[in-house]
Amino acid sequence: MPELDLLTQSLARNVKHWRSERGFTLDALATRAGVSRGMLIQIEQARTNPSIGTVVKIGDALGVSITTLLDYEQGPKVRIVPAEQAVRLWSTDAGSYHRLLAGTEAPGPLEMWDWYLKPGEGTGSDAHPQGTVELLHVTAGELTLVVDGAVHRVPEGASVTFEADVPHEYRNDGDAPCAMVMAVSVPFER
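Residues numbered from 1 in each chain as written. Predicted model: local features only at pLDDT ≥ 70, side-chain atom pairs only at ≥ 80, totals over all residues. Heavy atoms only, no water.

**Concerning the packing of helix α2 (residues 26–33) against helix α4 (residues 52–62)**
So, point 1. Contact geometry of α2 with α4 gives a least axis separation of 8 Å together with a crossing angle of 110°. In terms of axis orientation, α2 runs roughly perpendicular to α4. For α2 against α4, the interelement crossing comes out right-handed. For the pair α2 and α4, the contacting residues are Leu-29, Arg-32 and Ala-33 in the first and Lys-57, Ile-58, Ala-61 and Leu-62 in the second.
So, point 2. Grouping the amino acids of the contact of α2 with α4 by side-chain chemistry returns five nonpolar, no polar and two charged. (Axes fitted to C-alpha atoms, helices over the stretch in contact; angles between N-to-C directions. Helix = DSSP H or I, 4+ residues; strand = E, 2+ residues; numbered from the N terminus. Parallel < 35°, antiparallel > 145°, perpendicular 65-115°, else oblique. Left-handed = near helix turned anticlockwise from the far one by under 90°. Contact = heavy atoms within 4.5 Å. Nonpolar A, V, L, I, M, F, W, Y, C, P; charged D, E, K, R; others polar.)

So, in structure tokens, the structure goes:
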């Protein structure tokens, strides 16, 4: 089965599972996530491949990570994610990207990402749920991090943590590629 079909099927199965686990109706989840009921029906029936933004909103509303929503199978307590199974969720023609490396649900969603930004490129993010924290470590180049409109320069070798419940943006304003590893912790609210 092609990877996109496998992801669509996994997303359908996992959204249904976690919606049931949380006791949400389709209407309740649609309201929490800010997506239409029709979109949720299409996702749960594996009839659409939603945008990453939609998947993030659904994961945040369910209190689970994107990893969990896209997981092909639930495994033992030790889970090794081979490099070729890291999911690339955003990329540009110039070569920038970010990949979801791993994630878990204890005590709430916790994700680890691999980012690569070419000079002059970047991407933004809407505010995450209250209490969400991001930790970044820049392994090459310099990151320009914009949090709620404030610009922060994070040089190679430096790390940063911030409350991600406000709009934020990751940019490479430099002349060399920027690489970083990011962890995101999202608390679950019932």
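**Observations regarding helix α3 (residues 37–44)**
So, point 1. Along α3, the positions that sit buried rather than exposed are Leu-40, Ile-43 and Glu-44. Taken around the axis of α3, the buried residues stretch over an arc of 90°, which confines them to a single face.
So, point 2. Looking at the buried residues of α3, the elements they touch are α1 (3–22), α2 and α4.
So, point 3. Just downstream of α3, Ala-46 is the residue with a positive phi angle, here 55°. (Buried < 20%, exposed > 50% of the residue type's maximum accessible area, 1.4 Å probe, protein only. Arc of directions from axis to C-beta.)

**Here's the deal with the sheet that holds strand β7 (residues 150–155)**
So, point 1. Reading across the sheet, the four strands line up as β4-β9-β6-β7 and stay open at both edges, with antiparallel pairing between neighbours. Whereas interior strands pair on both sides, the edge strands pair on one side only; in this sheet they are β4 (122–125) and β7. The sheet shows a mean angle of 15° between the axes of neighbouring strands, direction not considered. (Pairing = 2+ DSSP bridges.)

**Overview of the pattern of salt bridges**
So, point 1. The final tally for this structure, using the stated rule, is six salt bridges.
So, point 2. In this structure, the salt-bridge partner of Asp-173 is Arg-153, at a minimum N-O distance of 3.3 Å. Placement of the pair is Asp-173 in the loop between β9 (168–171) and β10 (178–185) and Arg-153 in strand β7, with a sequence separation of 20 residues.
So, point 3. Given the relative accessible area of 40%, Asp-173 is considered partly exposed. (Salt bridge = Lys/Arg side-chain N within 4 Å of Asp/Glu carboxyl O.)

**Some thoughts on the pairing of strand β6 (residues 142–147)**
So, point 1. Burial analysis of β6 places five of its six residues in the buried class, the great majority of the element.
So, point 2. Judged from the six bridges that link them, β6 and β7 form a sheet pairing that is antiparallel. Looking at the pairing, Val-147 lines up with Ala-150 of β7.
So, point 3. Joining the antiparallel neighbours β6 and β7 is a turn of two residues, in which Asp-148 adopts a positive phi near 50°.
So, point 4. In this structure, β6 lies alongside β9, joined through four bridges in antiparallel fashion. By the bridge assignment, Val-147 is partnered in β9 with His-168.

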